[in-house]
Amino acid sequence: MKLSRRSILLGAGSLPFAVPSFRTGALAQTAPAAQNAEVPPILFVHGNGDYDALWMTTFWRMESNGIARDRMAAINFTDPNARSDDKVEQANRSSTEDQRRELAAAIADLKRRTGAPSVALVGSSRGGYAIRNVIRNGGTGDVSHAVLCGTPNHGVFATDDQSNNEFNGRGTFLRGLNEGESEVTPGTAFLTLRSDGMDKYAQADGRFIGKPGTPTGVTVEGPELKGATNLVLGALDHREVAFHPRAFREIYKFIAGREPARIAIVPEQSVRLSGLVTGTPGGVSTNRPVASATVDVFRVDPDTGERRGGAVHSAKTGADGRWGPAQVEPSWFLEFVLTSPDAPTTHIYRSPFPRSSDVVHLRAARPLGPADKDAGAVVIMSRPRGYFGLPRDVVLLDGKEPADVKPGVPTDSAATLRLPAAEAGRNIVAQFGEERIVARAWPASENRIAIAELTY
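Residues numbered from 1 in each chain as written. Predicted model: local features only at pLDDT ≥ 70, side-chain atom pairs only at ≥ 80, totals over all residues. Heavy atoms only, no water.

Draft legend 1. Representation of the overall build of the protein. Counting secondary structure elements, the protein contains 6 helices and 20 strands. Taking 456 residues into account, the globule formula puts the C-alpha radius of gyration at 23 Å, and the protein, at 22 Å, falls close to it. Each principal axis of the C-alpha atoms in the protein carries an extent, and together these give about 65 × 50 × 45 Å. When burial is assessed residue by residue, the protein has 57% of its 456 residues classed as buried. (Helix = DSSP H or I, 4+ residues; strand = E, 2+ residues; numbered from the N terminus. Rg over C-alpha atoms; globule rule 2.2 N^0.38 Å. Buried < 20%, exposed > 50% of the residue type's maximum accessible area, 1.4 Å probe, protein only.)

If you want it as structure tokens, here you go:
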């Protein structure tokens, strides 16, 4: 049955909550709709340069709808950044084949742990490439559902040069995935989720990839696939089409065959947190563990950011880079202090964690650089699960819209505030929508950086 298309035209100033529009290609597939069908185990796949912790809020929403935590997993690719040339080795970066092998192993592990004959895969951005690659190359029988969120299936650009760049829609890799009348592999139900014009990697003009005025050869419809069910989620940005509550609804509905009972996260009475400390060797973000890092966790006042007593947890990482578990309350605002070799002491301020998580990963802030030489303190507001959209969103750092967040199509996931030495030590409010975090501006002279990390 061909689904009707409902157009959603949300401007930059509109809230990104809307009924999705539907686009279906030839041979469109649908997920099983049986109300009582068992939901398959779900494996989440992060995107370029990212890590499995981005799926934390999705885990919580799934758990709040009765999906057991041990029926879910998220891969943490060793080297999450793509190579410039897929065929040429590059330090601390991965090829498409590297990612295919790691994902195939993760699928096998989840099947073994759960005893299930197949699993559902959900991927953000580049993660969708690994999903399509593993399915196309012998994995169809292992994968019941594939959900691709903001995956640039027809490229971030489509040109006749850079044929070995995996993001090139005319390159070897994507041409291989997209050949044929249907662009999906039979036997697996495919769903794509995309933005209606607010995805920075699905733009006709090259300004979002550093080539202003140069046509990219792609359009806002680039993430869609012939043969898949294709949904448009309005004015969500590149990351939000994976991690936003709207995206969660469609992911759950497609895999479970029914609406979720709730979108909100149901808090637990007691919360245990743990995670991985990772590093940036050679300036490249990796998911390789960092040993001999110290993690101290403090409860802080939500209005001032000041500590309430001593550390509630202290740990030093071993070879596996793991820290925790820390026992906290679901109402506590927290400060994580990460002291990692050859990196600034990083003070990470977080909103309360309503549920337990073992993917509270910590990565030290980048070193203080030339732009910070006159700063008495540096405070960064970070949004890992989305970008800052102006005027779409309420984005305030120390009471002002950040000057380094560009208006229009959301492209920035971090904003930086530099303060004079006389203001080091004072409290800084980071506000995004309804989420409000108060951080302390630590002295840069002590090689310290503060990060207000948003959860939502």
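Once you've had a look at it, read on.
Draft legend 2. Here's a closer look at the pairing of strand β20 (residues 448-453). Where burial is concerned, most of β20 is hidden: 5 out of the 6 residues are buried. Note that strand β13 (residues 345-350) and β20 share 6 bridges and pair parallel. Paired with R350 across the strands is E453, a residue of β20. Bridge analysis of strand β15 (residues 377-382) against β20 gives 4 bridges, and the strand direction is parallel. Following the sheet pairing, I380 is matched in β20 by I451. (Pairing = 2+ DSSP bridges.)

Draft legend 3. Layout of the confidence of the model for the protein. Scored by pLDDT, the protein has a mean of 92; 92% of the residues are at 70 or more. Counted against residues more than four places away or in other chains, residues 1-19, with its pLDDT under 50, gives 42 contacts. (pLDDT = per-residue confidence, 0-100. Contact = heavy atoms within 4.5 Å.)

Draft legend 4. Summary view of the environment of G49. Relative to the helices and strands, G49 resides in the loop between β2 (42-45) and α1 (56-64). In this structure G49 touches P80, N81, S285 and R363, once residues within four positions along its chain are discounted.

Draft legend 5. Layout of unusual backbone geometry. Across the junction of G324 and P325, the peptide omega takes the value 5°, indicating a cis bond. Here P325 lies in strand β11 (residues 322-328). In this structure, P391 follows L390 across a cis peptide bond, with omega equal to 5°. Position of P391 among the secondary structure elements: in the loop between β15 and β16 (395-397). Positive phi outside glycine occurs at S125, with the angle close to 50°. In this structure, S125 sits in the loop between β4 (119-124) and α3 (127-139). One non-glycine residue, S292, adopts positive backbone phi at about 60°. As for its placement among the helices and strands, S292 is situated in the loop between β8 (271-278) and β9 (294-300).

Draft legend 6. Highlighting the pattern of salt bridges. According to the stated counting rule, one finds 38 salt bridges in the structure shown. The residue R426 makes a salt bridge to D398 at a minimum N-O spacing of 2.7 Å. A residue pair is termed long-range when its members are at least 10 positions apart, and R426 in the loop between β17 (414-419) and β18 (427-432) and D398 in the loop between β16 and β17 qualify at 28 residues. Its relative accessible area of 28% is what places R426 among the partly exposed residues. Given the relative accessible area of 26%, D398 is considered partly exposed. Each member of the salt-bridge network shares a partner with another, and the members are E63, R69, E268, R355 and D358. (Salt bridge = Lys/Arg side-chain N within 4 Å of Asp/Glu carboxyl O.)

Draft legend 7. Broad picture of the sheet that holds strand β19 (residues 435-440). Judged by pairing direction, the sheet is antiparallel, and its 3 strands sit side by side in the order β16-β18-β19 without closing on themselves. Each edge of the open sheet carries a strand with a single partner, namely β16 and β19. Taken over all neighbouring pairs, the strand axes of this sheet differ in orientation by 15° on average, direction set aside. Where β16 meets β18, 3 bridges bridge the pair, whose relative direction is antiparallel. Bridged to L396 within β18 is Q431. (Axes fitted to C-alpha atoms, helices over the stretch in contact; angles between N-to-C directions.)

Draft legend 8. Layout of the nonpolar core. Ranked by size, the top nonpolar core spans 55 residues in total, and within it W323 and F336 carry the most contacts. Top element by residues in this core is helix α6 (residues 245-256). It accounts for 7 residues. Those residues within four positions of W323 in sequence are excluded, and the remaining contacts are L273, S274, G275, L276, V277, V295, V297, H313, T317, F336, V360 and L362. If you look at the next biggest cluster of nonpolar residues, it comprises 24 residues, including V300, F333, L417 and I437. (Core = buried A, V, L, I, M, F, W, Y, C linked by side-chain atoms within 4.5 Å.)

Draft legend 9. Up close: the sheet that holds β17. Spatial ordering of the open sheet is given by β10-β9-β12-β13-β20-β15-β17, a layout of 7 strands whose pairing is mixed. With one partner strand each, in any of the chains shown, β10 (313-316) and β17 form the two edges of the open sheet. Between one strand and the next, the sheet's axes are offset by a mean angle of 20°, whatever the strand orientation. In the sheet, β9 pairs with strand β12 (residues 333-339) via 7 bridges, with the strands oriented antiparallel. Each bridged residue has a counterpart across the sheet, and for F298 the counterpart in β12 is E335.

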